[in-house]
Amino acid sequence: MKSFSGERCHSAIVKSGRNAKEVSDAVRAARERCVANGVPFKLHVAATRFSMGEAWMSSGLILDSRGLTGPIVRREGNGRVFYEVPAGRKIHEVQSALRKDGFSLESTPNFTGQTFVGAAQTSSHGAGIKQGPIGSQIHAYELVDAQGRIFGVQRSNDQILDEIGYQDAPILTQDDLFDALGVSLGTLGVITKVWVEPV
């Protein structure tokens, strides 16, 4: 597997999933192989591999999130509009889906060929104090952790997963975890979906 700049990782197991269940299965299978062989389990996430360096280089499982390209879905709850964005969707795809409904992302980086979630995970910039980085537009996450468990994650003062009726997995209402996921570079697990509030 190569990064955008041509860096190569030779020893990784590259696995892709189309949804949280498939990602969970891949993580569990990789963990079981590591345990059976007596080697440490390492999990990293890569998509378009626009970002370079050690963050995605791994001797364990590099999960390619580009397969997470389900539909971008409009959700409503308590008079608010959100868009459910699978982690493999690119920024320009998210922007196009929002524009069809008369909405937009608050800010985007100049290069929109990277995945929205990948840009958020690397804290792609905003445009000053009033327009934060692209991740500041995320209001909830769907996460597969290193044990293969699936969770929804939301803030205590912005429980949008409850508002939109999310029932795919247990919901963790934990501010510290939500904040840590903001720029976690995939170190806390695999983000499979996010919910974005447009402007």
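Before reading further, recall that the structure is shown in the block above.
Everything numeric in this text was worked out from a predicted model, so none of it was measured. (Residues numbered from 1 in each chain as written. Predicted model: local features only at pLDDT ≥ 70, side-chain atom pairs only at ≥ 80, totals over all residues. Heavy atoms only, no water.)

Enquirer: So what exactly am I meant to see when it comes to the pairing of strand β5 (residues 80-86) here?
Expert: For a regular strand, the rule is simple: side chains alternate between the two faces of the sheet. β5 sits mainly inside the fold: 6 of its 7 residues count as buried. In the sheet, strand β4 (residues 73-77) pairs with β5 via 5 bridges, with the strands oriented antiparallel. Counterpart to arginine 74 in the pairing with β5 is tyrosine 83. Counted along the chain from β4 to the antiparallel partner β5, the turn is 2 residues long, and its residue asparagine 78 has a positive phi close to 55°. (Buried < 20%, exposed > 50% of the residue type's maximum accessible area, 1.4 Å probe, protein only. Helix = DSSP H or I, 4+ residues; strand = E, 2+ residues; numbered from the N terminus. Pairing = 2+ DSSP bridges.)

Enquirer: Mind showing me how you'd approach the pairing of strand β6 (residues 138-144) here?
Expert: The element β6 is largely enclosed, with a buried count of 7 among its 7 residues. By the bridge criterion, 6 bridges tie β6 to strand β9 (residues 190-196) in an arrangement that is antiparallel. Counted as the bridge partner of leucine 143 is isoleucine 191 from β9. Note that β6 and strand β7 (residues 150-154) share 5 bridges and pair antiparallel. Paired with glutamate 142 across the bridge in β7 is glycine 152. Counting the residues between successive antiparallel strands, the hairpin from β6 to β7 contains 5 residues, one of them, glycine 148, with a positive phi of roughly 90°.

Enquirer: Even after reading the chapter, I still don't get the pattern of salt bridges, so can you show me in this structure?
Expert: Side-chain pairing between opposite charges can occur once the charged atoms of the two side chains come close. Evaluated as defined, the whole model comprises 14 salt bridges. With its nearest N and O atoms 2.5 Å apart, the salt bridge here joins arginine 18 to glutamate 22. Between arginine 80 and aspartate 158 there is a salt bridge whose closest N-O contact spans 2.8 Å. Of this pair, arginine 80 sits in strand β5 while aspartate 158 sits in the loop between β7 and α4 (160-164), and the two are 78 residues apart along the sequence. Residue class for arginine 80 comes out partly exposed when judged on its relative accessible area of 22%. (Salt bridge = Lys/Arg side-chain N within 4 Å of Asp/Glu carboxyl O.)

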